[in-house]
Structure formats: C-alpha cells, structure tokens
Amino acid sequence: MILITGATGQVGRRVAERLTLPHALLVRDPAKAPETDKSVRTAEYADKAGMIAACEGIDTLFLVSGREDQSRLAAHRTAVDAAVEAGVSRIVYLSFEAAAPDCTFTFGRDHWHTEQHIRATGLSYTFLRDNMYQEMLPRLAGADGVIRGPAGDGRLAAVGYDDVADSVVAALHTDLPGKTFRLSGPEAFTLYEAAEILGLRYEPETVEEAYASRAHYGAPQFEVAGWVTSYEAIAAGDLAEVTDDVQMLTGHRPRSLRELRGDDGRAVIA
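Note that the structure is a prediction, hence the values are computed from the model and not measured.

### Here's the deal with the nonpolar core
Part 1 of the reasoning: Val15, Phe62 and Leu128 are the most contacted members of the largest nonpolar core, which totals 52 residues.
Part 2 of the reasoning: A total of eight residues in this core trace back to one element, the largest contributor, which is helix α5 (residues 161–173).
Part 3 of the reasoning: Setting aside its immediate chain neighbours within four residues, Leu128 contacts Val92, Tyr93, Leu94, Ser95, Ser167, Val168, Ala171, Phe181, Leu183 and Leu249.
Part 4 of the reasoning: By size, the runner-up hydrophobic cluster in this structure holds 27 residues, among which are Phe105, Met132, Ala141 and Tyr231.

Encoded structure:
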C-alpha cells in the first residue's frame, strides 16, 4: 500500500489520479479531501503520533515537501521518523533540482537536509528532484503583466506538473532504491524568453531592488529571502540543466512551455 501525501496539491492530486497500485491519501484538512473511493487519512507532518497512525499498513510513502516555513525541515524529519516507526519500508521523496546544503534558493536547503535524513534511516528511497514548475511562471507577474526579479540572463529548465506526476507514478511502480532523478523540461530558457512565450514582460532587478520591491507585503524575512533567491538561483545557472530523466522514467518526452500555452497565448493554469 502506498500513502500519497499532499493529495490536494498540484502534484499529489495528479499522482493519486494516475496511480493504479493500491494507495491511500494523506491530507491536512479532511474538508478539502478529494472525492474518492480510496482511504483518506488526516495528519500534519509535525504530529508524530498522527503520522504514525496515518502510515499504518503502508509499505511506501510518497512524501511531498510541506509548506515553506521556518519549521518545515523539523516537520519533514518528524514525518520520516514516524514512517520508520510505523514500519514503512520505502520513501519516494519529491525534492528540488539544486538541493544542497548551500543551495542558492534558500528553501532548497531543506530538501537536501531532508534527503540526508531519509538516507540515514536505512529505508529504501528514491529522490525525484524537480526543476521550477512551468505553471508557476505566469504567477510571478504582477497585475501589470511584468515579471520582476534578479534572474538576469540565467536559464531554467522548468518542468510541468503533469510530467512530474507521471515521473512519480513511474517511480512508485518500479523499485528504484538509492536512485536520484532530476526532472526538467525539454529546454532551458531565460525569463525574457519565458515572458514572451506567455504574453508577459520581464524586467530584471538587482538583488537590492528585489528585496525593496517586496517589502510592502510584510512577509517574514525568511519568506522574502526565498522569493528573491529563487531568481538568484536562475541567475547562477542552478536550474539550467536539461535532463532526459522524465523520458527515462515515463517513456515520453516532457512538454515544453509553449505546449502549456492556451489559445490566447497565456499559460494554462490547472
């Protein structure tokens, strides 16, 4: 039995719809659970007892990262420890392309530390490191249709939700112990090029300008740093490499950003 976490999210929902193996769904809020004939379990990652109960009878845990906050890593570790105590034998973790202890994108550091914690359990594991999501790109634009950030001329090989979900399903259907896959789209492009494809415009900022332009949101400093460093990661080339791992896992090529466009030239947001 497989437990799909993040079952109301963009990737988890798609995985649940595609997976043909026996599975259950994990949600934080039962009121938001999808209509399904599958078992729906409720727990927060940080609630160890709740996670142990949710993992009862589960062989494989598909772990989607939690909400981006300062306690996310601790919650990930609790969820992993609960899975171990519940007798889970395998974890498939949805990580991030540039995961590293010094990742430019500050939230990417949580992914690296989570990977290390999973490795240390001794369980079988598979890591799927995805690039930035194509569907997120138009959401970077303001009301004026302009994307602003310190990405410069850096490139990113953004990947679509559907291709990530298909890759996850393939990994869940096949035992791939100790493997790490890097999921990208079929090409790398600049934000200038992405904006043109999406009918938007890109205006580069300096790092200082980026922090200043986001100050009015009143968000915590760690969150603003995550927003800004996502652009810095593009500028640094951390997200530029195109891989064939989606093709390898799924048997089909990943779709391009142009294929994501609607009839009006704007991105289709699902």
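### Quick notes on the confidence of the model for the chain
Part 1 of the reasoning: In the predicted model, the chain carries a mean pLDDT of 93, and the fraction of residues at 70 or more is 97%.
Part 2 of the reasoning: In the predicted structure, residues 263–270 sits below a pLDDT of 50 and forms 23 contacts with residues beyond four places in sequence or in another chain.

### Things to note about the packing of aromatic side chains
Part 1 of the reasoning: Inspection of every chain in the model, using the stated rule, returns eight aromatic pairs.
Part 2 of the reasoning: The interplanar angle of 80 degrees and the centroid separation of 4.9 Å between the aromatic rings of Tyr192 and Tyr202 together place this pair among those described as edge-to-face. Of this pair, Tyr192 sits in helix α6 (residues 191–197) while Tyr202 sits in strand β11 (residues 201–204), and the two are 10 residues apart along the sequence.
Part 3 of the reasoning: A residue is classified by how much of its surface remains accessible, and Tyr192, at 36% relative accessible area, is partly exposed.

### Some remarks on the packing of helix α1 (residues 10–18) against α5
Part 1 of the reasoning: With their axes 9 Å apart at the nearest point, α1 and α5 run at an angle of 55 degrees to one another. Compared by their axis directions, α1 and α5 come out oblique. In the packing of α1 onto α5, the handedness of the crossing is right-handed. Taken together, the residues of α5 that come into contact with α1 (itself represented by Gln10, Val11, Arg14, Val15 and Arg18) are Tyr161, Asp162, Val164, Ala165, Asp166, Val168, Val169 and Leu172.
Part 2 of the reasoning: A class-by-class count of the residues in the contact of α1 with α5 yields eight nonpolar, one polar and four charged.

### What to know about the packing of helix α3 (residues 72–86) against helix α4 (residues 108–121)
Part 1 of the reasoning: It is the contact of α3 with α4, at a shortest axis distance of 10 Å, that shows an interaxial angle of 20 degrees. Relative to α4, the element α3 lies roughly parallel. Where α3 crosses over α4, the two elements pack in a sense that is right-handed. The segment α3 lies against α4, with Arg72, Leu73, His76, Arg77, Val80, Asp81 and Val84 engaging Asp110, His111, His113, Thr114, His117, Ile118 and Thr121.
Part 2 of the reasoning: Classifying every residue of the contact of α3 with α4 gives four nonpolar, six polar and four charged.

### Description of the sheet that holds strand β4 (residues 60–64)
Part 1 of the reasoning: The seven strands are arranged β3-β2-β1-β4-β5-β6-β9 in an open sheet whose pairing can be described as parallel. Of all strands in the sheet, those bounded by a partner on one side alone are β3 (39–42) and β9 (179–183). Strand after strand, the sheet turns through a mean of 20 degrees between neighbouring axes, direction not considered.
Part 2 of the reasoning: Against the sheet, α1 contacts β1 (2–4), β2 (23–27), β4 and β5 (90–96), and its axis sits at roughly 145 degrees relative to β1.
Part 3 of the reasoning: Most of the contacts of α4 go to β5, to which it runs at about 160 degrees, and overall it touches β5, β6 (124–130) and β9.

Reading guide: rules and limits
Residues numbered from 1 in each chain as written. Predicted model: local features only at pLDDT ≥ 70, side-chain atom pairs only at ≥ 80, totals over all residues. Heavy atoms only, no water. Core = buried A, V, L, I, M, F, W, Y, C linked by side-chain atoms within 4.5 Å. Buried < 20%, exposed > 50% of the residue type's maximum accessible area, 1.4 Å probe, protein only. Helix = DSSP H or I, 4+ residues; strand = E, 2+ residues; numbered from the N terminus. Contact = heavy atoms within 4.5 Å. pLDDT = per-residue confidence, 0-100. Phe/Tyr/Trp six-rings, centres within 6.5 Å; stacked < 30°, edge-to-face > 60°. Axes fitted to C-alpha atoms, helices over the stretch in contact; angles between N-to-C directions. Parallel < 35°, antiparallel > 145°, perpendicular 65-115°, else oblique. Left-handed = near helix turned anticlockwise from the far one by under 90°. Nonpolar A, V, L, I, M, F, W, Y, C, P; charged D, E, K, R; others polar. Pairing = 2+ DSSP bridges.

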